[in-house]
Amino acid sequence: MKSVFKPFLKRRYLVLVLLWFVYVVNYLDRLIITTFLPFMQEDLHLTPVQSGQLVSAFFFVYALCQIPYGFIVDKFGAKKTMGVSILLFSAVTALTGSVKNFLHFMILRFGLAIGEAGFYPGAAQTIKSWFPSKEQGMAMSSFSTGKTVASALGPVILTTLSVYLFGGSWRPVFYLLAIPGFISAIFLWVYVQNSPNEIKNKTQPQNETKTKTIQTNSILETKKIKDKKVNSSIFLKDSYFYLYSIIQFCQLAVYWGCTTWLTSFLVKQHGMNIQQMGIIATLPYIISIFSMMLGGWLMDKVFHRMKPIALIAYLSLVPLLLVIGQVDKGKISVLLPLLLLIGFFISFNIGASLASLQNRYPKEVLGRAIGISNTCGQFGSFISPVIAGYLVIVTASGSQDFHNVFNFLAGIAGVGALCAIFMKEKPLKVLDLPKFEEEQPKQQIL
(Lines give C-alpha, C1' and ligand atoms only; values in the text may rest on other atoms or scores of the structure.)
Protein backbone atom coordinates (compact mmCIF):
# COMPACT_ATOMS: atom_id res chain seq x y z
CA MET A 1 0.00 0.00 0.00
CA LYS A 2 2.79 2.43 0.90
CA SER A 3 4.46 1.79 -2.45
CA VAL A 4 1.24 2.81 -4.23
CA PHE A 5 1.06 6.19 -2.53
CA LYS A 6 4.79 6.92 -2.46
CA PRO A 7 4.79 8.76 -5.83
CA PHE A 8 1.96 11.00 -4.63
CA LEU A 9 3.77 11.70 -1.37
CA LYS A 10 6.65 13.07 -3.39
CA ARG A 11 4.42 14.87 -5.83
CA ARG A 12 2.56 16.96 -3.26
CA TYR A 13 5.81 18.53 -2.08
CA LEU A 14 6.79 19.23 -5.66
CA VAL A 15 3.43 20.97 -6.07
CA LEU A 16 4.12 23.06 -2.96
CA VAL A 17 7.60 24.04 -4.18
CA LEU A 18 6.26 25.12 -7.57
CA LEU A 19 3.48 27.16 -5.99
CA TRP A 20 6.02 28.75 -3.64
CA PHE A 21 8.29 29.71 -6.53
CA VAL A 22 5.41 31.31 -8.43
CA TYR A 23 4.44 33.23 -5.28
CA VAL A 24 7.99 34.61 -5.06
CA VAL A 25 7.80 35.74 -8.69
CA ASN A 26 4.32 37.13 -8.07
CA TYR A 27 5.60 39.29 -5.22
CA LEU A 28 8.74 40.39 -7.07
CA ASP A 29 6.51 41.67 -9.87
CA ARG A 30 4.64 43.63 -7.22
CA LEU A 31 7.70 44.95 -5.37
CA ILE A 32 9.71 46.01 -8.42
CA ILE A 33 7.56 49.14 -8.69
CA THR A 34 8.42 50.35 -5.20
CA THR A 35 12.08 49.43 -5.66
CA PHE A 36 12.56 51.57 -8.76
CA LEU A 37 9.88 54.19 -8.07
CA PRO A 38 12.34 57.05 -7.34
CA PHE A 39 14.01 56.50 -10.72
CA MET A 40 10.69 56.05 -12.49
CA GLN A 41 9.46 59.32 -11.00
CA GLU A 42 12.38 61.14 -12.56
CA ASP A 43 12.18 59.45 -15.97
CA LEU A 44 8.40 59.71 -16.29
CA HIS A 45 8.10 63.11 -14.57
CA LEU A 46 5.73 61.82 -11.90
CA THR A 47 4.75 63.90 -8.89
CA PRO A 48 4.75 62.35 -5.39
CA VAL A 49 0.95 62.40 -5.44
CA GLN A 50 0.86 60.47 -8.70
CA SER A 51 3.40 57.98 -7.34
CA GLY A 52 1.21 57.35 -4.30
CA GLN A 53 -1.83 56.87 -6.51
CA LEU A 54 0.00 54.28 -8.58
CA VAL A 55 0.95 52.26 -5.50
CA SER A 56 -2.54 52.42 -3.97
CA ALA A 57 -4.31 51.68 -7.25
CA PHE A 58 -2.84 48.19 -7.35
CA PHE A 59 -4.23 47.18 -3.95
CA PHE A 60 -7.65 48.70 -4.67
CA VAL A 61 -8.13 46.72 -7.89
CA TYR A 62 -6.51 43.63 -6.36
CA ALA A 63 -9.06 43.72 -3.55
CA LEU A 64 -12.01 44.10 -5.93
CA CYS A 65 -10.86 41.08 -7.94
CA GLN A 66 -10.69 38.64 -5.03
CA ILE A 67 -14.41 37.81 -4.87
CA PRO A 68 -14.90 37.15 -8.61
CA TYR A 69 -11.72 35.08 -8.70
CA GLY A 70 -13.07 33.01 -5.82
CA PHE A 71 -16.09 32.10 -7.93
CA ILE A 72 -13.87 31.46 -10.97
CA VAL A 73 -11.69 29.03 -9.00
CA ASP A 74 -14.76 27.16 -7.75
CA LYS A 75 -16.23 26.94 -11.26
CA PHE A 76 -13.24 26.38 -13.57
CA GLY A 77 -10.69 24.88 -11.20
CA ALA A 78 -7.50 26.13 -9.61
CA LYS A 79 -5.07 25.02 -12.32
CA LYS A 80 -6.71 26.90 -15.19
CA THR A 81 -7.22 29.99 -13.06
CA MET A 82 -3.60 30.07 -11.93
CA GLY A 83 -2.32 29.46 -15.45
CA VAL A 84 -4.20 32.43 -16.90
CA SER A 85 -3.23 34.57 -13.90
CA ILE A 86 0.51 33.85 -14.25
CA LEU A 87 0.54 34.52 -17.99
CA LEU A 88 -1.33 37.79 -17.51
CA PHE A 89 0.76 39.29 -14.71
CA SER A 90 4.00 38.19 -16.45
CA ALA A 91 2.93 39.89 -19.68
CA VAL A 92 1.99 43.07 -17.84
CA THR A 93 5.34 43.07 -16.03
CA ALA A 94 7.12 42.94 -19.38
CA LEU A 95 4.95 45.74 -20.78
CA THR A 96 5.71 47.94 -17.77
CA GLY A 97 9.29 48.15 -18.99
CA SER A 98 8.01 50.26 -21.90
CA VAL A 99 5.70 52.55 -19.88
CA LYS A 100 5.48 56.08 -21.32
CA ASN A 101 3.45 58.26 -18.96
CA PHE A 102 1.20 58.35 -15.89
CA LEU A 103 -1.97 57.21 -17.68
CA HIS A 104 -0.15 54.34 -19.37
CA PHE A 105 1.37 53.38 -16.01
CA MET A 106 -2.02 53.44 -14.26
CA ILE A 107 -3.56 51.12 -16.89
CA LEU A 108 -0.69 48.68 -16.45
CA ARG A 109 -1.09 48.78 -12.66
CA PHE A 110 -4.74 47.81 -13.11
CA GLY A 111 -3.68 44.98 -15.41
CA LEU A 112 -1.06 43.73 -12.95
CA ALA A 113 -3.61 43.69 -10.13
CA ILE A 114 -6.15 41.78 -12.23
CA GLY A 115 -3.49 39.24 -13.19
CA GLU A 116 -1.97 38.71 -9.76
CA ALA A 117 -5.31 38.51 -7.95
CA GLY A 118 -6.12 35.14 -9.49
CA PHE A 119 -3.07 33.24 -8.32
CA TYR A 120 -3.56 33.20 -4.57
CA PRO A 121 -7.12 31.74 -4.42
CA GLY A 122 -6.07 29.04 -6.88
CA ALA A 123 -2.93 28.20 -4.91
CA ALA A 124 -4.84 27.97 -1.63
CA GLN A 125 -7.41 25.66 -3.23
CA THR A 126 -4.64 23.47 -4.65
CA ILE A 127 -2.88 23.15 -1.30
CA LYS A 128 -6.15 22.17 0.36
CA SER A 129 -6.65 19.42 -2.22
CA TRP A 130 -3.11 18.06 -1.93
CA PHE A 131 -2.49 18.22 1.83
CA PRO A 132 -4.50 16.65 4.68
CA SER A 133 -5.99 18.97 7.27
CA LYS A 134 -3.36 18.02 9.86
CA GLU A 135 -0.64 19.46 7.59
CA GLN A 136 -2.49 22.53 6.31
CA GLY A 137 -0.78 24.87 8.78
CA MET A 138 2.75 23.92 7.75
CA ALA A 139 1.84 23.76 4.06
CA MET A 140 0.29 27.23 4.01
CA SER A 141 3.05 28.65 6.20
CA SER A 142 5.69 27.25 3.85
CA PHE A 143 3.84 28.64 0.85
CA SER A 144 3.38 32.06 2.49
CA THR A 145 7.11 32.46 3.11
CA GLY A 146 7.33 33.16 -0.61
CA LYS A 147 6.18 36.73 -0.14
CA THR A 148 8.50 37.24 2.83
CA VAL A 149 11.49 35.92 0.89
CA ALA A 150 10.59 38.22 -2.00
CA SER A 151 10.23 41.19 0.37
CA ALA A 152 13.57 40.45 2.02
CA LEU A 153 15.67 39.70 -1.04
CA GLY A 154 13.77 41.42 -3.84
CA PRO A 155 15.20 44.95 -3.57
CA VAL A 156 18.76 43.61 -3.36
CA ILE A 157 18.30 41.24 -6.31
CA LEU A 158 16.51 43.76 -8.52
CA THR A 159 18.94 46.63 -7.94
CA THR A 160 21.92 44.30 -8.43
CA LEU A 161 20.52 43.18 -11.79
CA SER A 162 19.99 46.79 -12.80
CA VAL A 163 23.52 47.90 -11.85
CA TYR A 164 25.57 44.94 -13.07
CA LEU A 165 23.62 43.84 -16.14
CA PHE A 166 21.95 46.99 -17.45
CA GLY A 167 24.15 49.89 -16.33
CA GLY A 168 21.65 51.17 -13.77
CA SER A 169 18.64 51.18 -16.11
CA TRP A 170 15.35 49.97 -14.64
CA ARG A 171 13.41 49.17 -17.81
CA PRO A 172 15.28 45.96 -18.83
CA VAL A 173 14.76 44.52 -15.35
CA PHE A 174 11.00 44.42 -16.02
CA TYR A 175 11.59 42.49 -19.25
CA LEU A 176 13.90 40.06 -17.46
CA LEU A 177 11.55 39.51 -14.53
CA ALA A 178 8.75 38.41 -16.86
CA ILE A 179 10.74 35.36 -17.99
CA PRO A 180 10.48 33.36 -14.71
CA GLY A 181 6.74 33.92 -14.80
CA PHE A 182 6.31 32.42 -18.26
CA ILE A 183 8.58 29.48 -17.39
CA SER A 184 6.73 28.77 -14.13
CA ALA A 185 3.41 28.76 -16.00
CA ILE A 186 4.73 25.92 -18.18
CA PHE A 187 5.98 23.92 -15.21
CA LEU A 188 2.72 24.43 -13.34
CA TRP A 189 0.69 23.22 -16.31
CA VAL A 190 2.84 20.10 -16.72
CA TYR A 191 3.42 19.07 -13.11
CA VAL A 192 0.47 20.41 -11.10
CA GLN A 193 -3.03 18.96 -11.05
CA ASN A 194 -6.07 20.20 -9.17
CA SER A 195 -5.94 17.14 -6.89
CA PRO A 196 -4.03 13.83 -6.49
CA ASN A 197 -7.05 11.93 -7.81
CA GLU A 198 -6.54 13.45 -11.26
CA ILE A 199 -3.06 11.91 -11.46
CA LYS A 200 -4.22 8.65 -9.93
CA ASN A 201 -6.98 8.26 -12.51
CA LYS A 202 -4.49 8.84 -15.34
CA THR A 203 -1.93 6.36 -14.04
CA GLN A 204 -4.25 3.52 -13.01
CA PRO A 205 -4.38 0.52 -15.35
CA GLN A 206 -7.46 0.65 -17.52
CA ASN A 207 -8.91 -2.60 -16.27
CA GLU A 208 -8.47 -1.56 -12.65
CA THR A 209 -10.18 1.71 -13.41
CA LYS A 210 -13.13 -0.12 -14.94
CA THR A 211 -13.57 -2.38 -11.92
CA LYS A 212 -13.85 0.65 -9.70
CA THR A 213 -16.12 2.69 -11.96
CA ILE A 214 -19.35 1.62 -10.26
CA GLN A 215 -17.96 2.34 -6.81
CA THR A 216 -16.55 5.69 -7.92
CA ASN A 217 -19.80 6.74 -9.58
CA SER A 218 -21.70 5.73 -6.49
CA ILE A 219 -19.48 7.86 -4.30
CA LEU A 220 -19.73 10.77 -6.70
CA GLU A 221 -23.50 10.57 -6.84
CA THR A 222 -23.70 10.44 -3.07
CA LYS A 223 -21.30 13.33 -2.85
CA LYS A 224 -23.38 15.37 -5.33
CA ILE A 225 -26.48 14.87 -3.23
CA LYS A 226 -24.68 15.84 -0.08
CA ASP A 227 -22.94 18.75 -1.76
CA LYS A 228 -26.36 20.32 -2.25
CA LYS A 229 -26.42 20.76 1.51
CA VAL A 230 -23.06 22.53 1.36
CA ASN A 231 -24.33 25.64 -0.41
CA SER A 232 -22.63 28.96 -0.93
CA SER A 233 -24.21 30.48 2.16
CA ILE A 234 -22.47 28.13 4.58
CA PHE A 235 -19.72 30.63 5.44
CA LEU A 236 -21.97 33.69 5.15
CA LYS A 237 -24.01 32.37 8.08
CA ASP A 238 -20.92 31.70 10.17
CA SER A 239 -19.92 34.45 12.65
CA TYR A 240 -16.39 33.05 12.60
CA PHE A 241 -16.04 34.11 8.96
CA TYR A 242 -16.73 37.78 9.70
CA LEU A 243 -14.32 37.92 12.62
CA TYR A 244 -11.77 36.13 10.47
CA SER A 245 -12.22 38.69 7.66
CA ILE A 246 -11.67 41.58 10.09
CA ILE A 247 -8.52 39.86 11.34
CA GLN A 248 -7.32 39.59 7.73
CA PHE A 249 -7.94 43.31 7.31
CA CYS A 250 -5.89 44.04 10.44
CA GLN A 251 -3.15 41.60 9.45
CA LEU A 252 -2.52 43.16 6.04
CA ALA A 253 -3.10 46.72 7.26
CA VAL A 254 -0.31 46.36 9.83
CA TYR A 255 1.94 44.43 7.42
CA TRP A 256 1.71 46.87 4.52
CA GLY A 257 1.60 49.90 6.79
CA CYS A 258 4.97 48.85 8.19
CA THR A 259 6.32 47.73 4.80
CA THR A 260 5.37 50.98 3.07
CA TRP A 261 6.87 53.34 5.63
CA LEU A 262 9.74 51.35 7.16
CA THR A 263 12.45 52.68 4.84
CA SER A 264 11.23 56.28 5.23
CA PHE A 265 11.14 55.82 9.01
CA LEU A 266 14.76 54.65 9.05
CA VAL A 267 16.00 57.41 6.74
CA LYS A 268 13.85 60.40 7.74
CA GLN A 269 13.46 59.83 11.48
CA HIS A 270 16.72 58.03 12.28
CA GLY A 271 18.98 59.60 9.66
CA MET A 272 20.30 56.39 8.13
CA ASN A 273 21.99 56.36 4.74
CA ILE A 274 20.85 54.08 1.92
CA GLN A 275 23.32 51.32 2.76
CA GLN A 276 22.40 51.21 6.45
CA MET A 277 18.71 51.37 5.68
CA GLY A 278 18.93 48.55 3.15
CA ILE A 279 20.56 46.16 5.61
CA ILE A 280 18.35 46.94 8.60
CA ALA A 281 15.11 47.00 6.59
CA THR A 282 15.85 43.48 5.35
CA LEU A 283 16.29 41.88 8.79
CA PRO A 284 12.62 41.92 9.94
CA TYR A 285 11.56 40.08 6.78
CA ILE A 286 14.22 37.43 7.23
CA ILE A 287 13.06 36.65 10.74
CA SER A 288 9.45 36.66 9.50
CA ILE A 289 10.23 33.52 7.50
CA PHE A 290 10.99 31.59 10.67
CA SER A 291 8.06 33.00 12.64
CA MET A 292 5.64 32.10 9.86
CA MET A 293 6.88 28.51 9.87
CA LEU A 294 6.67 28.35 13.66
CA GLY A 295 3.10 29.61 13.63
CA GLY A 296 2.12 26.96 11.10
CA TRP A 297 3.82 24.23 13.15
CA LEU A 298 2.00 25.33 16.32
CA MET A 299 -1.27 25.27 14.36
CA ASP A 300 -0.70 21.66 13.23
CA LYS A 301 0.99 20.13 16.26
CA VAL A 302 0.04 22.07 19.39
CA PHE A 303 -3.05 24.29 19.30
CA HIS A 304 -4.93 22.88 16.28
CA ARG A 305 -6.69 26.23 15.99
CA MET A 306 -5.84 29.81 15.08
CA LYS A 307 -7.11 31.76 18.09
CA PRO A 308 -4.15 31.38 20.49
CA ILE A 309 -1.64 32.07 17.72
CA ALA A 310 -3.50 35.23 16.67
CA LEU A 311 -3.66 36.44 20.26
CA ILE A 312 0.07 35.92 20.76
CA ALA A 313 0.82 37.82 17.54
CA TYR A 314 -1.44 40.85 17.98
CA LEU A 315 -1.09 41.30 21.73
CA SER A 316 2.67 41.32 21.24
CA LEU A 317 2.54 43.79 18.35
CA VAL A 318 0.55 46.42 20.25
CA PRO A 319 3.26 47.39 22.80
CA LEU A 320 6.09 46.92 20.28
CA LEU A 321 4.51 49.32 17.79
CA LEU A 322 3.73 51.85 20.50
CA VAL A 323 7.34 51.85 21.70
CA ILE A 324 9.25 51.84 18.40
CA GLY A 325 7.93 55.22 17.30
CA GLN A 326 9.32 56.78 20.51
CA VAL A 327 12.91 55.51 20.11
CA ASP A 328 15.37 58.40 20.01
CA LYS A 329 17.46 58.98 16.92
CA GLY A 330 20.70 57.00 16.80
CA LYS A 331 19.75 54.35 19.39
CA ILE A 332 20.29 51.38 17.10
CA SER A 333 20.78 49.05 20.07
CA VAL A 334 17.15 49.69 21.03
CA LEU A 335 15.71 50.06 17.54
CA LEU A 336 17.09 46.85 16.06
CA PRO A 337 15.63 44.41 18.65
CA LEU A 338 12.25 46.12 18.32
CA LEU A 339 12.33 45.76 14.55
CA LEU A 340 13.24 42.08 14.82
CA LEU A 341 10.42 41.42 17.28
CA ILE A 342 7.93 43.26 15.08
CA GLY A 343 9.15 41.25 12.10
CA PHE A 344 8.64 38.06 14.10
CA PHE A 345 5.12 38.72 15.33
CA ILE A 346 3.82 40.50 12.22
CA SER A 347 3.99 37.21 10.28
CA PHE A 348 3.43 34.79 13.17
CA ASN A 349 -0.28 34.31 12.41
CA ILE A 350 -0.18 34.29 8.60
CA GLY A 351 0.15 30.55 7.95
CA ALA A 352 -2.16 29.60 10.82
CA SER A 353 -4.92 31.95 9.68
CA LEU A 354 -4.85 30.61 6.12
CA ALA A 355 -4.92 27.00 7.28
CA SER A 356 -7.77 27.79 9.67
CA LEU A 357 -10.05 28.89 6.84
CA GLN A 358 -9.14 25.87 4.73
CA ASN A 359 -9.82 23.45 7.55
CA ARG A 360 -13.19 24.98 8.35
CA TYR A 361 -14.92 25.03 4.96
CA PRO A 362 -15.26 22.39 2.23
CA LYS A 363 -13.47 22.96 -1.04
CA GLU A 364 -16.78 23.51 -2.90
CA VAL A 365 -17.09 26.97 -1.29
CA LEU A 366 -13.49 27.59 -0.24
CA GLY A 367 -12.65 29.73 -3.27
CA ARG A 368 -15.51 32.11 -2.51
CA ALA A 369 -14.69 32.22 1.19
CA ILE A 370 -11.04 33.01 0.45
CA GLY A 371 -12.03 35.58 -2.16
CA ILE A 372 -14.28 37.55 0.19
CA SER A 373 -11.97 37.38 3.20
CA ASN A 374 -8.95 38.30 1.09
CA THR A 375 -10.87 41.25 -0.31
CA CYS A 376 -11.27 42.54 3.23
CA GLY A 377 -7.57 41.98 3.83
CA GLN A 378 -6.50 43.78 0.66
CA PHE A 379 -8.58 46.81 1.56
CA GLY A 380 -6.43 46.93 4.68
CA SER A 381 -3.38 46.97 2.40
CA PHE A 382 -4.94 49.83 0.45
CA ILE A 383 -6.21 51.97 3.33
CA SER A 384 -3.41 51.66 5.88
CA PRO A 385 -0.51 53.23 3.88
CA VAL A 386 -2.74 56.10 2.76
CA ILE A 387 -3.95 57.00 6.27
CA ALA A 388 -0.46 56.58 7.68
CA GLY A 389 0.84 59.09 5.16
CA TYR A 390 -1.36 61.79 6.67
CA LEU A 391 -0.09 60.95 10.16
CA VAL A 392 3.59 61.60 9.39
CA ILE A 393 4.77 64.77 11.15
CA VAL A 394 7.23 66.90 9.20
CA THR A 395 9.42 68.95 11.53
CA ALA A 396 10.81 72.42 10.89
CA SER A 397 14.23 70.92 10.18
CA GLY A 398 12.82 68.73 7.43
CA SER A 399 13.03 65.46 9.34
CA GLN A 400 9.92 63.35 9.87
CA ASP A 401 8.31 61.87 12.97
CA PHE A 402 6.48 58.54 12.57
CA HIS A 403 5.26 57.91 16.12
CA ASN A 404 1.63 58.65 15.14
CA VAL A 405 1.95 56.13 12.32
CA PHE A 406 3.01 53.37 14.67
CA ASN A 407 0.34 54.34 17.20
CA PHE A 408 -2.21 53.95 14.42
CA LEU A 409 -0.84 50.54 13.46
CA ALA A 410 -0.84 49.48 17.13
CA GLY A 411 -4.53 50.35 17.30
CA ILE A 412 -5.23 48.15 14.28
CA ALA A 413 -3.32 45.27 15.90
CA GLY A 414 -5.47 45.78 19.00
CA VAL A 415 -8.62 45.38 16.92
CA GLY A 416 -7.21 42.13 15.54
CA ALA A 417 -6.58 40.85 19.07
CA LEU A 418 -10.10 41.80 20.13
CA CYS A 419 -11.61 39.87 17.23
CA ALA A 420 -9.48 36.84 18.09
CA ILE A 421 -10.77 36.91 21.68
CA PHE A 422 -14.38 36.60 20.54
CA MET A 423 -13.65 34.03 17.81
CA LYS A 424 -15.21 30.59 18.27
CA GLU A 425 -13.57 27.78 16.34
CA LYS A 426 -15.95 24.94 17.11
CA PRO A 427 -16.56 22.75 14.02
CA LEU A 428 -19.66 23.58 12.00
CA LYS A 429 -22.27 20.86 12.25
CA VAL A 430 -23.15 21.23 8.59
CA LEU A 431 -19.65 20.10 7.68
CA ASP A 432 -20.37 16.70 9.16
CA LEU A 433 -22.92 15.98 6.44
CA PRO A 434 -20.59 15.36 3.46
CA LYS A 435 -18.12 13.34 5.54
CA PHE A 436 -15.24 14.18 3.23
CA GLU A 437 -12.70 12.30 5.31
CA GLU A 438 -14.65 9.05 4.89
CA GLU A 439 -15.44 9.44 1.21
CA GLN A 440 -11.98 10.54 0.08
CA PRO A 441 -9.56 8.80 2.42
CA LYS A 442 -6.90 8.24 -0.21
CA GLN A 443 -6.79 11.84 -1.34
CA GLN A 444 -6.64 13.19 2.18
CA ILE A 445 -3.65 11.10 3.24
CA LEU A 446 -1.51 11.96 0.23
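Look up: the structure comes first, before these words.
Residues numbered from 1 in each chain as written. Predicted model: local features only at pLDDT ≥ 70, side-chain atom pairs only at ≥ 80, totals over all residues. Heavy atoms only, no water.

Draft legend 1. Structural view of the overall build of the chain. Per the secondary structure count, the chain includes 19 helices and 2 strands. Expressed as a percentage of its 446 residues, the buried residues of the chain come to 53%. Partitioning the contacts of the chain with sequence separation of at least 6, the portion at a separation of at least 24 is 85%. (Helix = DSSP H or I, 4+ residues; strand = E, 2+ residues; numbered from the N terminus. Buried < 20%, exposed > 50% of the residue type's maximum accessible area, 1.4 Å probe, protein only. Contact = heavy atoms within 4.5 Å.)

Draft legend 2. Representation of the environment of Gln251 within the structure. Counting through the fold element by element, Gln251 comes out in helix H11 (residues 239–269). In the structure, Gln251 is positioned 127 residues away from Gln378 in sequence and 9.6 Å away in space, judged by C-alpha atoms. Residues in contact with Gln251, not counting those within four places in the same chain, are Tyr314, Ile346, Asn349 and Ile350. Here Tyr314 takes part through its side chain, which lies 2.7 Å from a polar atom of the side chain of Gln251. (Polar contact = N/O pair within 3.5 Å; in protein donor to acceptor, adjacent residues only side chain to side chain.)

Draft legend 3. The packing of aromatic side chains, seen in detail. A full pass over the atoms with the stated rule returns 24 aromatic pairs. The rings of Tyr23, Tyr27, Phe58, Phe59, Tyr62, Phe119, Tyr120, Phe143, Tyr255, Trp256 and Tyr285 are connected pair by pair, giving a single aromatic cluster. Lying across the ring of Tyr255, Lys147 places its NZ or CZ 5.0 Å from the centre. (Phe/Tyr/Trp six-rings, centres within 6.5 Å; stacked < 30°, edge-to-face > 60°. Lys NZ or Arg CZ within 6 Å of the ring centre and 35° of its normal.)

Draft legend 4. Spatial organisation of the nonpolar core. Judged by nonpolar contacts, the single largest core of 125 residues is most densely connected at Leu19, Phe119, Phe143, Leu266, Leu317 and Leu321. The leading source of residues in this core is helix H1 (residues 2–44), at 16 residues. Aside from chain neighbours lying at most four places away, what touches Phe143 is Leu16, Leu19, Trp20, Tyr23, Phe119, Tyr120, Ala123 and Ile127. (Core = buried A, V, L, I, M, F, W, Y, C linked by side-chain atoms within 4.5 Å.)

Draft legend 5. Region of interest: the pattern of salt bridges. By the definition in use, this model includes 2 salt bridges. With a shortest N-O distance of 2.9 Å, Glu116 and Arg30 are connected by a salt bridge. Of this pair, Glu116 sits in helix H4 (residues 102–116) while Arg30 sits in helix H1, placing them 86 residues apart in sequence. One salt bridge connects Asp328 with Lys331, and the closest N-O pair in it is separated by 3.7 Å. The exposure class of Asp328 is partly exposed, given its relative accessible area of 45%. (Salt bridge = Lys/Arg side-chain N within 4 Å of Asp/Glu carboxyl O.)

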